[in-house]
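# Overview (structure and organization)
Single-letter residue listing:
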Amino acid sequence: MAEVIGVRFKEVGKIYYFDPNGEQLNTGNTVIVETARGVECGKVALANKNISDDEIVHPLKPLIRKANENDLSHIEENKKREKEAFKVCEKKIAEHNLDMNLVDVEYTFDNNKILFYFTADGRVDFRNLVKDLASVFRTRIELRQIGVRDEAKMLGGLGVCGRPFCCHSYMGDFQPVSIKMAKEQGLSLSPVKISGTCGRLMCCLKYEQEAYSDLLKHTPKVGAIVKTPEGKGLVTDNNLISGTLKVKLDSSPEDAAPATFNVKEVKLLKDGYIKMNKKEMEELKHLEE
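So, how was this worked out
- Residues numbered from 1 in each chain as written.
- Predicted model: local features only at pLDDT ≥ 70, side-chain atom pairs only at ≥ 80, totals over all residues.
- Heavy atoms only, no water.
- Pairing = 2+ DSSP bridges.
- Helix = DSSP H or I, 4+ residues; strand = E, 2+ residues; numbered from the N terminus.
- Axes fitted to C-alpha atoms, helices over the stretch in contact; angles between N-to-C directions.
- Left-handed = near helix turned anticlockwise from the far one by under 90°.
- Contact = heavy atoms within 4.5 Å.
- Nonpolar A, V, L, I, M, F, W, Y, C, P; charged D, E, K, R; others polar.
- Phe/Tyr/Trp six-rings, centres within 6.5 Å; stacked < 30°, edge-to-face > 60°.
- Buried < 20%, exposed > 50% of the residue type's maximum accessible area, 1.4 Å probe, protein only.
- Core = buried A, V, L, I, M, F, W, Y, C linked by side-chain atoms within 4.5 Å.
- Polar contact = N/O pair within 3.5 Å; in protein donor to acceptor, adjacent residues only side chain to side chain.
- Disulfide = S-S within 2.5 Å.
- Arc of directions from axis to C-beta.

### Regarding the sheet that holds strand E13 (residues 267–270)
Here 5 strands make up an open sheet; going across it, the order is E12-E11-E10-E9-E13 and the pairing antiparallel. Strand pairing shows two members of the sheet lacking a second neighbour, strand E12 (259–262) and E13, which therefore form its edges. Neighbour-to-neighbour, the strand axes of the sheet open up by a mean angle of 45°, direction not taken into account. In this structure, strand E9 (residues 225–228) lies alongside E13, joined through 3 bridges in antiparallel fashion. Within the sheet, the bridge partner assigned to Ile 225 lies in E13 and is Lys 270.

### Observations regarding the sheet that holds strand E1 (residues 2–8)
Backbone hydrogen bonds hold the strands of a sheet together, and the pairing may be parallel or antiparallel. Read from one edge to the other, the open sheet built from 5 strands follows the order E2-E1-E4-E3-E5, with strand pairing classed as antiparallel. Of all the strands in the sheet, the pair left with one neighbour each is strand E2 (15–18) and strand E5 (63–66). Neighbouring strand axes in the sheet, compared pairwise and without regard to direction, differ in orientation by 45° on average. Sheet topology places strand E3 (residues 30–35) next to strand E4 (residues 38–51); 6 bridges connect them, and they run antiparallel. Its bridge partner being in E4, Val 33 is matched across the sheet by Glu 40.

### Some points on the packing of helix H1 (residues 69–95) against helix H2 (residues 127–137)
Two elements in contact, H1 and H2, have axes separated by 10 Å at closest approach and are oriented at 145°. In terms of crossing hand, the pair formed by H1 and H2 is right-handed. In contact with Ala 85, Val 88, Cys 89, Lys 92 and Ile 93 of H1, H2 contributes Leu 129, Asp 132, Leu 133, Val 136 and Phe 137. Taken together, the residues of the contact of H1 with H2 break down into 8 nonpolar, no polar and 2 charged.

### With respect to the packing of aromatic side chains
In this structure the tally under the stated criterion is 4 aromatic pairs. For the pair Phe 9 and Tyr 16, a centre-to-centre distance of 5.9 Å together with 45° between the ring planes defines the contact as tilted. Tyr 16 sits in the partly exposed class, given a relative accessible area of 39%. Ring centres of Phe 9 and Phe 18 lie 6.1 Å apart, and the angle between their planes is 85°; this geometry places the pair in the edge-to-face category. The rings of Phe 9, Tyr 16 and Phe 18 are connected pair by pair, giving a single aromatic cluster.

### Topic: the nonpolar core
If you look at the biggest cluster of nonpolar residues, it comprises 17 residues, and the most contacted ones within it are Met 100, Phe 116, Leu 133, Phe 137 and Leu 143. Counting only elements with at least two residues in this core, the list comes to H1, strand E6 (101–107), strand E7 (113–119), H2 and strand E8 (140–145). Not counting chain neighbours up to four residues away, the residues in contact with Phe 116 comprise Ala 85, Cys 89, Leu 102, Asp 104, Val 105, Leu 133, Phe 137, Ile 141, Glu 142, Leu 143 and Arg 144. In this structure, Met 181, Leu 189, Leu 284 and Leu 287 belong to the second largest nonpolar core, which totals 10 residues.

### Observations concerning the environment of Thr 244
Residue position: Thr 244 is located in strand E11 (residues 244–249). Not counting the four nearest positions on each side in its chain, Thr 244 is found in contact with Asp 237, Asn 238, Asn 239, Thr 260, Phe 261 and Asn 262. Side chain to side chain, Thr 244 and Ser 242 meet in a polar contact 2.9 Å long.

### Some remarks on the state of the cysteines
Linking two cysteines covalently via their sulfur atoms produces the bond known as a disulfide. This structure, assessed with the given rule, holds 0 disulfides. Cys 166 forms no disulfide, and the closest cysteine sulfur to it belongs to Cys 204, at a distance of 6.1 Å.

### Focus: helix H7 (residues 209–218)
Residues Gln 209, Tyr 212 and Leu 216 constitute the buried set of H7. The buried side chains of H7 occupy one side of the element, clustering within an arc of 60° when seen end-on. Along H7, exposed side chains directed more than 90 degrees from the buried face belong to Glu 210, Lys 217 and His 218. Summarising the contacts, the buried residues of H7 are in contact with helix H5 (179–184).

See the structure below:
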């Protein structure tokens, strides 16, 4: 077991563990720590806690100090510098006629490096841009290409639900989402209805997937053969949330409408399966990337 604190360097970023070095810290405290990319300033997201060694990436680096007034002033100064650097980089991108979109700029706390985050459709040869930026800022320059999900997380915005993006407001890490999830949840596979502002599958598909997976274990699928109080029939539709089934009874006339039953009223004889159209899946594959 080891005592750790959890520190975030971005508002809703990943939590990293550090040795509190004998200090008792509270959630929200601003601290200075040493990271793989140098000295950084972050906020305590997890107060002093004992965790098992297998949850720690060794070596566990120690806390340098709690942030003081000078540190906080330095952070504010860096924010001003980042805005200026953003303008300069945008101008240089235009001068080099590069097909890339600048998203964010970040100064490391010790000012030893400036990171420029950008999106682009493909690979970009930005070597000359890096040289130009290094000659202007006289420090190490790193250009980092990010995906559209990361762009949405950095910039924020409102989703189709009218609430701030989940990734920007509270999600630390992206969770894997798939077309299969949308299919199992009975959603329309229209890209407009299942993708977020970033153009990829909505993260919220993951939230209820466990519940839908459980319901699918207990609800006959479309195509299943079931025994009902009115005889044997074929399931033509189901509603996982309400637990209702529409069943085409074998004894009913060909043009008769399916009868409706609760899942508790029927006995499964042979289950159906969720059909996954390969062509449709290929066409929507880009939404998962």
